[in-house]
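Observations on the model geometry
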Amino acid sequence: MPGLSLPVVTHVDLRTPTTLTVRLLPGQILADLTGDLSRLAEGMGVAAVRVRPFRHGWVHVLLLPADPLAVTIPHPRPVPDLERGVYLGKDEDGKSITADLVTGAHMIVQGATGSGKSSFLYSVLGQVASTPGVRVTGSDPTGLLLAPWPSLELPGPALGTSDPAAHVAVLEGLVAEMDRRVALIPADHDSLPLGADHPAVLVVLEEYPGLLRLLDAVDSKGLGKRIRAAVARLLAEGRKAGLRVIIVAQRADASIIGGYERGQASHRLSFRVDSVDALRMLHPNATPDAAGDHSTALPGIALLSAPGMPLTRLRAPHVDYRTYTKTIRSAGTR
Ligand SMILES: Nc1ncnc2c1ncn2[C@@H]1O[C@H](COP(=O)(O)OP(=O)(O)OP(=O)(O)O)[C@@H](O)[C@H]1O
Ligand SMILES: [Mg+2]
């Protein structure tokens, strides 16, 4: 067509997945091609299209016959020591995605009911059940996720809804532990060295919005306000004291997890969520296309924002509750 210039396909590799080598137009960048990939996939008659950088001015366009994440991942291996990352899942290229317990900060996990949040947490917590130098505690109004965890030398876990004030007491107790640890940070360190004396503490807040609703409804002695203050302090100062908060919510609404709290989380995961707004809350850079696709994601498929990597689609392992409780109980109290 005269006057119309288009990117040029210069090579086609017919192995699976079919890969087109495309020369971009001057000034065009990869992001110019990633806006509407689901329409392109439909037009090409494939399950999905992915665009990957190739070399300057060129991209590879992959035509995927099936969703690369349509395979269930079994229970991952235990994490042998603190230095080893926790396996979060595998990305579309089959690469393992891990999170470092030593350098990482906090995590927010959101997703609609049945989208795979609990299974993901069973996987993460199961991996560290027998890791020396790691403790798990927190607040769990569902009384399921943290039920198998023994109460050791740290406050918590607080379980169920019969005693809402117990959740506040646990989180305020953890703030006190954080303050105690901050005072122990050696003069030449900016954070407390972690190990047997000072284990990394995973503070899990399962169904955190539900807990806030419960506390606001009870509203005795400003419990809602107190727990928000405690969580804000753990998020702001916990990292250097070895406390890592994991917030779990069906939707990381601004009213529940403010911009400040979101900013403190190094890892943000969204399983299926129903709206672009919910997704953008944790991943401001998600394209409308990625957001649209994700509203129908299968259980266990999540989008991850983490330091030093682009927005990544991953599949989390599938771990059922029985396997999880058995893993924790057989690890004992260490
Ligand atoms: N990684 C996964 N791979 C395959 N299937 C999964 C995966 N995660 C979850 N599922 C399936 O989805 C179901 C719901 O998952 P899960 O209980 O983890 O959801 P949830 O987000 O915690 O929901 P709720 O908000 O209701 O607690 C599981 O029973 C399982 O069948
Ligand atoms: Mg759940």
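Residues numbered from 1 in each chain as written. Chains lettered and ligands numbered in written order. Predicted model: local features only at pLDDT ≥ 70, side-chain atom pairs only at ≥ 80, totals over all residues. Heavy atoms only, no water.

Here's the deal with a nonpolar patch on the surface
Together, V9, V12 and L14 make up an exposed nonpolar region whose accessible area comes to about 290 Å². Here L14 lies in the loop between β1 (8-13) and β2 (18-23). (Patch = residues over 30% accessible without salt bridge, like charges linked within 9 Å, V, L, I, M, F, W, Y side chains within 5 Å. Areas by Shrake-Rupley, 256 points an atom, 1.4 Å probe, with all protein chains shown as cover. Salt bridge = Lys/Arg side-chain N within 4 Å of Asp/Glu carboxyl O. Helix = DSSP H or I, 4+ residues; strand = E, 2+ residues; numbered from the N terminus.)

Quick word on the sheet that holds strand β14 (residues 312-315)
The strand order across the open sheet formed by 10 strands is β6-β5-β14-β13-β12-β7-β11-β10-β8-β9, and the pairing between neighbours is mixed. The outermost strands of the open sheet, each flanked by one partner alone, are β6 (96-99) and β9 (158-159). As paired strands, strand β7 (residues 106-110) and strand β12 (residues 265-270) are joined by 5 bridges and run parallel to one another. In the strand pairing of β12, I108 is matched with R268. Sheet strands touched by helix α2 (residues 117-127): β5 (86-91), β7, β8 (134-140), β10 (200-205), β11 (243-249) and β12. Its angle to β5, the strand with the most contacts, is close to 135 degrees. (Pairing = 2+ DSSP bridges. Contact = heavy atoms within 4.5 Å. Axes fitted to C-alpha atoms, helices over the stretch in contact; angles between N-to-C directions.)

Re the nonpolar core
Core analysis: the biggest nonpolar cluster contains 37 residues, and L88, F120, L125 and L269 have the highest contact counts within it. With 5 residues, the single largest contributor to this core is α2. Setting aside its immediate chain neighbours within four residues, F120 contacts L88, M107, V109, L269, F271 and A316. In this structure, V203, Y208, L234 and I256 belong to the second largest nonpolar core, which totals 31 residues. (Core = buried A, V, L, I, M, F, W, Y, C linked by side-chain atoms within 4.5 Å. Buried < 20%, exposed > 50% of the residue type's maximum accessible area, 1.4 Å probe, protein only.)

Description of the domain arrangement of the protein chain
Domain assignment breaks the protein chain into domain 1 (8-64) and domain 2 (86-331). When each unit is reduced to the centre of its C-alpha atoms, the spacing between domain 1 and domain 2 is 36 Å. Between domain 1 and domain 2 lies a buried interface of about 490 Å² when both sides are counted; carbon and sulfur atoms form 23% of it. In terms of surface lost to domain 2, no three residues of domain 1 exceed S38, R50 and R52, which account for 65% of the buried area on that side. At the junction of domain 1 and domain 2, the tally comes to 2 residue pairs in polar contact (both at pLDDT 80 or more). (Domains from an automatic or database assignment. Buried area = accessible area lost by both parts, 1.4 Å probe. Polar contact = N/O pair within 3.5 Å; in protein donor to acceptor, adjacent residues only side chain to side chain.)

Looking at the sheet that holds strand β4 (residues 58-64)
Across the sheet, 4 strands lie side by side as β1-β2-β4-β3; this open sheet has antiparallel pairing. A single partner strand is all that each edge strand has here, and the edge strands are β1 and β3 (48-53). Along the sheet, successive strands turn relative to each other by an average axial angle of 25 degrees, direction set aside. Sitting on the sheet, helix α1 (residues 37-44) is in contact with β2, β3 and β4, with an inclination near 120 degrees to β3.

Remarks on the site of ligand 1
In the vicinity of ligand 1, 15 residues are found, and the nearest of them are T113, G114, K117, S118 and A316. Here an oxygen atom of ligand 1 and a side-chain polar atom of Q250 are 3.1 Å apart. Within the contact set of ligand 1, a nitrogen atom lies 3.2 Å away from a backbone nitrogen or oxygen of P317. Computed on the free molecule, ligand 1 has an accessible area of 640 Å², of which 69% lies beneath the protein chains in the complex. Here the element with the most residues in the shell around ligand 1 is α2; it accounts for 3 residues. Across the shell around ligand 1, the residue classes break down as 4 nonpolar, 9 polar and 2 charged. (Near = heavy atom within 4 Å. Nonpolar A, V, L, I, M, F, W, Y, C, P; charged D, E, K, R; others polar.)

Some thoughts on the side chain of H294
Tracing the backbone through its elements, the reader meets H294 in helix α8 (residues 288-294). A relative accessible area of 3% places H294 in the buried class. Contacts of H294, omitting those with residues within four sequence positions, involve S270, F271, R272, V273, L279, I301, A302 and L303.

Description of the packing of aromatic side chains
What the rule picks out here adds up to 4 aromatic pairs. Between Y122 and Y321, the ring centres sit 5.5 Å apart and the planes meet at 50 degrees, which makes this aromatic pair tilted. Here the residue Y122 occupies a position in helix α2, and Y321 occupies one in helix α9 (residues 321-331), the gap between them amounting to 199 residues. Y122 gets classed as buried once you look at its relative accessible area, which sits at 10%. (Phe/Tyr/Trp six-rings, centres within 6.5 Å; stacked < 30°, edge-to-face > 60°.)

Focus on the pairing of β2
Looking at chain direction, β1 and β2 are connected through 5 bridges and run antiparallel. The residue bridging D13 from the neighbouring strand is T19, located in β2. What sits between the antiparallel neighbours β1 and β2 is a turn of 4 residues. Pairing of β2 with β4 involves 6 bridges; the strand directions are antiparallel. Bridging across to β4, T18 finds its partner in L63.

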